[in-house]
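# Examining the three-dimensional arrangement
Read off the chains here:
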Amino acid sequence: MYTINRESLVRTFVELAEIPSPSWREKSVMEYIIKRFSKLGAVCTRYKCGESHNLLIRFSGAEDRSTILLSGHMDTVIPCESVKAVVTSTRITSDGTSILGSDDKAAIAIFIEAFEFIRKNNIKHGPVEILLTCAEELGLKGIKGFDLSILKAKYGFVFDSSGRIGRIIVKAPFHSNMDITVKGRASHAGMAPEKGINAIRVLSEIIAALPSGRIDDESTINVGIISGGMATNIVPEFAECKLEVRSIDRRKMNAIEKQVRETAVRICRENRAKCRIERTLEYSGFSISPEEKISQLAADAMKRVKIRPEFVSMGGGSDTNIINSSRIRAVNLSCGMQKIHSTGEFIMINDLVKGTEFVLSLIETVK
Ligand SMILES: [Zn+2]
């Protein structure tokens, strides 16, 4: 029901993709985005965050309608210094030497083209806030440095998931990191090994006693970094490992963390070693029922433009996790990007078109 201008959409996407924007260096792409949205009548405001800025774009609209939030991120992973987009009749790829950056410039291109369409066709809508973050790829640093309480929206639609248009991510895990440091006792390895307590040995015993990988359909654990020791002729005094725990269910995550702590303390005690455990919550998870209003808004807007909605759960975090810990209810949506974080990244042009139709449908129908 919307006739999208394919050429214009592809051009906007390619222009965005070819502006390098590694994390914290989003300035040039931000200037491009501000220029495009300002021409369409939006108010664009930058908010300082770390070495860069988050960008909030506001469109006014009918005051009797709810404000909606659209969101995505401006940074990409590397290599992205000289992206050369290759456009065929069906898809867009890089030239194979860099990523493409459809993660997450597909979302930005879709938002720009949706408002180009709205202006040309005089489509009525309510107020819209578009939040584009910096440094998402560095562990959601941009959104974590943004004051979400200044937003008016009740419902948020983040476009930062891979796969064909239609996927609605309603579940994503809580994620915590833990550091275990074991302190043994140093000694000469040849002359007095019995006076030493080998911290590497003790830490290995702890790791071997912990679960590894997938624990159940909602929870995972992974020891990702290990370090320790000075030389082969010294019984190592220190050893350290860093691990992560994820679960859709906060209680399950807490139980796994408790198991990690108890295992480390017990094994250290048995070996007369000491341990220090530090834990930080990376982000909270969310779990939204397909019956909730936000899910229905997304699904109904899709059906209106003949996209089949599919409710799915995701194993990773995104800005959606942080938005959901504010008073805004948000889902993550696929914007068509595929094989992301690799030089084989690509996007189907039809997905860019479908994504734009979906955003238009959303903006037009949310009351
Ligand atoms: Zn992304």
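All values reported here derive from a predicted model rather than from experimental measurement.

## Quick look at the sheet that holds strand 20 (residues 346–348)
Strand order across the open sheet formed by 4 strands is 4-5-20-19, with antiparallel pairing between neighbours. Whereas interior strands pair on both sides, the edge strands pair on one side only; in this sheet they are strand 4 (86–87) and strand 19 (337–338). Looking at chain direction, strand 4 and strand 5 (residues 91–93) are connected through 2 bridges and run antiparallel. Paired with valine 87 across the strands is isoleucine 92, a residue of strand 5. Contacts between helix 9 (residues 349–365) and the sheet are confined to strand 4, strand 5, strand 19 and strand 20, with strand 20 contributing the most and set at about 65° to the helix.

## Concerning the pattern of salt bridges
Throughout the structure, instances matching the rule amount to 24 salt bridges. Taking the shortest distance from any N to any O, the salt bridge between lysine 252 and aspartate 216 comes out at 3.5 Å. Taken as a pair, lysine 252 in helix 6 (residues 250–270) and aspartate 216 in strand 11 (residues 213–216) lie far apart in primary sequence, 36 residues in all. Judged by relative accessible area, which is 28%, lysine 252 ranks as partly exposed. Taking the relative accessible area as the measure of exposure, aspartate 216 reaches 25% and is therefore partly exposed. A salt bridge links glutamate 240 to lysine 242; its shortest N-O distance comes to 3.5 Å. Under the relative-accessibility criterion, glutamate 240 is labelled partly exposed at 26%. Classification of lysine 242 by relative accessible area gives partly exposed; the value is 34%.

## Points about the coordination of the zinc ion
Binding of the zinc ion to the protein goes through His73 (NE2), Asp103 (OD) and Asp160 (OD), at separations of 2.0 to 2.2 Å. Judged by its relative accessible area of 10%, aspartate 160 falls in the buried class.

## Some words on the environment of methionine 178
Relative to the helices and strands, methionine 178 is located in strand 9 (residues 174–183). Considering only alpha carbons, one finds methionine 178 and glutamate 278, 100 residues apart in sequence, at a separation of 5.5 Å. Discounting chain neighbours no more than four positions away, the residues touching methionine 178 are Cys241, Lys242, Leu243, Val245, Glu257, Val260, Arg261, Ile277, Glu278 and Arg279.

## Section: the packing of helix 3 (residues 102–121) against helix 9
The N-to-C vectors of helix 3 and helix 9 enclose an angle of 55°; their axes lie 9 Å apart at closest approach. Relative to helix 9, helix 3 is oriented oblique. For the element pair helix 3 and helix 9, the recorded crossing hand is right-handed. Contacts from Ala106, Ile110, Phe111, Glu113, Ala114, Phe115, Phe117 and Ile118 of helix 3 reach helix 9 at Leu352, Gly355, Thr356, Val359, Leu360 and Ile363.

The rules behind the values
Residues numbered from 1 in each chain as written. Predicted model: local features only at pLDDT ≥ 70, side-chain atom pairs only at ≥ 80, totals over all residues. Heavy atoms only, no water. Pairing = 2+ DSSP bridges. Helix = DSSP H or I, 4+ residues; strand = E, 2+ residues; numbered from the N terminus. Contact = heavy atoms within 4.5 Å. Axes fitted to C-alpha atoms, helices over the stretch in contact; angles between N-to-C directions. Salt bridge = Lys/Arg side-chain N within 4 Å of Asp/Glu carboxyl O. Buried < 20%, exposed > 50% of the residue type's maximum accessible area, 1.4 Å probe, protein only. Donors = N, O, S within 2.8 Å, 3.2 Å for Na, K, Ca; no water. Parallel < 35°, antiparallel > 145°, perpendicular 65-115°, else oblique. Left-handed = near helix turned anticlockwise from the far one by under 90°.

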